[in-house]
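# Coordinate inspection notes
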Amino acid sequence: STTGTGVGVSTVAGPATIGVTFGSASTANTGSATTVAGKLSTSMTTMGLGVKIDLGDIDPFISYGSFSAEGSQTKNKLEISGSEIGLTYAMGSDTIVVYVGNTEETFTDNSVAGKPWTTSGMEVGYSTTVGPAGLAIGYGSQTKAQTDNAAIDGYSMTDIEIALTYSF
């Protein structure tokens, strides 16, 4: 059998828009001739919170989210959480965006927690339009770390993106 429930609420309080979401679900073995009812089950929960503030030309934002899933028989568990903070700054037809965020994932196998896998990143972008032409330039970086996985521990990346558009 499967059951689940969730709720999402969004409200405006002055210049702030606030959104909250929560959900949970579970599965359970209903039994058969070869299994015991309730022996195999899973459960999951998720939660998110986001806040954006409209301050005219500057719109800061912050968000947080989490997810957790667990199986009853093997006690395997996955937990993920992440957050971001940033802002959008409008200057006439120009816009600047700044963003910093991170996530952390932990996998537990047979009740033994592994080392967290962390990812962090940042982005800075600028866009403008002049008549029918548009130009967007962005820079971003990302790093990943997990001390018991040499393949990704110390991974880092940077990128630059330039886009030119023309509308007619």
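Structural notes, computed from the coordinates.

Conventions and cut-offs
Residues numbered from 1 in each chain as written. Predicted model: local features only at pLDDT ≥ 70, side-chain atom pairs only at ≥ 80, totals over all residues. Heavy atoms only, no water. Helix = DSSP H or I, 4+ residues; strand = E, 2+ residues; numbered from the N terminus. Buried < 20%, exposed > 50% of the residue type's maximum accessible area, 1.4 Å probe, protein only. Salt bridge = Lys/Arg side-chain N within 4 Å of Asp/Glu carboxyl O. Phe/Tyr/Trp six-rings, centres within 6.5 Å; stacked < 30°, edge-to-face > 60°. Lys NZ or Arg CZ within 6 Å of the ring centre and 35° of its normal.

### A short note on the overall build of the chain
Within the chain, the regular secondary structure consists of zero helices and 10 strands. Listed by position from the N terminus, the elements making up the chain come as β-β-β-β-β-β-β-β-β-β. With the C-alpha coordinates aligned to their principal axes, the bounding extent of the chain is approximately 75 × 45 × 30 Å. Here the chain, with 168 residues, has 12% of them falling under the buried criterion.

### Remarks on the pattern of salt bridges
One pass over the structure, following the stated rule, counts one salt bridge. A salt bridge links Glu-79 to Lys-77; its shortest N-O distance comes to 3.6 Å. Judged by its relative accessible area of 35%, Glu-79 falls in the partly exposed class.

### Let's talk about the packing of aromatic side chains
Counted under the stated rule, the structure contains one aromatic pair. With centroids separated by 6.1 Å and ring planes inclined at 40°, the aromatic side chains of Tyr-166 and Phe-168 adopt a geometry described as tilted. A single burial state applies to Tyr-166 and to Phe-168, both of which are exposed. Geometry around Tyr-155 places Lys-144 over its ring, the cationic atom sitting 5.6 Å from the centre.

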